[in-house]
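# Examination of the molecular architecture
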Amino acid sequence: MSRRGFTLVELLVVLAIIGVLVALLLPAVQSARASARRIKCASNLRQLGLGVLQFVDVHDGHWPHLAGHVSHLPPGVNPQDVSWIETIAPFMENVDEIRVCPEHNDILEGRLRFSRQSTDTSGRTIDDGDNRAIGLTSYLLNGYLREPSQKPPGAPPPVIAAWQASNEGVVDNFNKLLSTHDTIVAIEATTWAVVANYDHAHTFEWFSPANLARNDDERAVWRRVAGDPEDANFPGELAADRHQSTTANYLYADGSVRAISADQVAEWCDTGFNFVMPPQ
């Protein structure tokens, strides 16, 4: 009795069908993985939010320090050692497991290629040599949630004006918030913003009068917030489309985390709605 096997044509047809199925399934698999990373990022923010709420409860409502706005550090204390992610670490089981978004590859891959012995151009130590970025995190605190900036002594009028503008809308204590549900505590940030500011975004500059005045023609607010990929002079601070090129996660003062689309943020910027200023 003869045995009939596959012909070459039949084998090629089967391989072609398998190839088509793989091509159809691959985008779905990639999308599922991206969704899983977004969910992991949201989980990170929720846990960090719990740490912030515990911190403010213990410290009479005061926010974690913003490294770039700590005016009087004890001798020998580096700014990155008192960044917000470090100051809430005692309230977390392992803050190093949740300080970085799984989509933030620039931070994940080699912690920006710095070591404990090396510093950036500002003299800031970035990494302790154990793959742990001191002070660095994918999530920056809202710059409105801090102590008001101190008036520069003897400063000229333009500097005084900038100082006053930076304090407008600042809420220095959790207990002074009018609506925790509507107050953004932390955002997903670009690598540029993380390296430049350590732990906070200059949200109080996003909707400045100068940006708003140029908004109709240049989309100045959007460029200040999320940057301009065609202009290196506008790197931006907010990673508005980090997840699946459409959304980012935001931590609110009530502990909730919301995914907001980049399109929604762009609309707010275009209309001049300051979505990061706490309700006044």
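Residues numbered from 1 in each chain as written. Predicted model: local features only at pLDDT ≥ 70, side-chain atom pairs only at ≥ 80, totals over all residues. Heavy atoms only, no water.

On to the side chain of Ser166, then. Here Ser166 is to be found in helix α4 (residues 157-167). Judged by relative accessible area, which is 12%, Ser166 ranks as buried. Sequence-distant contacts of Ser166, that is, excluding residues within four places in its chain, are made with Arg146, Ser149 and Phe204. (Helix = DSSP H or I, 4+ residues; strand = E, 2+ residues; numbered from the N terminus. Buried < 20%, exposed > 50% of the residue type's maximum accessible area, 1.4 Å probe, protein only. Contact = heavy atoms within 4.5 Å.)

This part covers the environment of Leu140. Its location among the elements puts Leu140 in strand β1 (residues 139-142). Its relative accessible area of 0% is what places Leu140 among the buried residues. If we skip the residues at most four places from it in the chain, Leu140 touches Trp84, Val185, Ala186, Ile187, Ala189, Ala193, Val194, Tyr198, Asp199, His200 and Ala201.

With mixed pairing, five strands are arranged side by side in an open sheet as β3-β1-β2-β4-β5. The open sheet terminates on both sides in strands that have one partner only, identified here as β3 (200-201) and β5 (257-261). Here three bridges tie strand β2 (residues 184-188) to strand β4 (residues 247-252), and the two strands are oriented antiparallel to one another. Each bridged residue has a counterpart across the sheet, and for Ile184 the counterpart in β4 is Tyr252. Lying over the sheet, helix α10 (residues 262-271) contacts β4 and β5, oriented at roughly 75° with respect to β5. (Pairing = 2+ DSSP bridges. Axes fitted to C-alpha atoms, helices over the stretch in contact; angles between N-to-C directions.)

We now examine the nonpolar core. Nonpolar side chains in soluble globular proteins tend to be buried together. One finds Ile187, Trp206, Leu238, Tyr250, Val265, Cys269 and Phe275 to be the most contacted residues of the largest nonpolar core, which totals 29 residues. A per-element tally of this core places α10 first, with four residues. The contact partners of Tyr250, leaving out residues within four places of it in the chain, are Leu45, Ile184, Ala186, Ile187, Leu238, Ala240, Ser256, Val257, Arg258, Ile260 and Val265. Of all hydrophobic cores here, the second largest spans 27 residues; its members include Cys41, Leu48, Leu66 and Leu177. (Core = buried A, V, L, I, M, F, W, Y, C linked by side-chain atoms within 4.5 Å.)

Phi at Arg219 takes a positive value of approximately 50°, unusual for a residue other than glycine. In this structure, Arg219 sits in the loop between α8 (215-218) and α9 (220-226). The backbone phi angle of Ser245 is positive, close to 60°, even though this residue is not glycine. With respect to the helices and strands, the residue Ser245 is situated in the loop between α9 and β4. Of the residues examined, Ser245 reaches a relative accessible area of 59% and is grouped as exposed.

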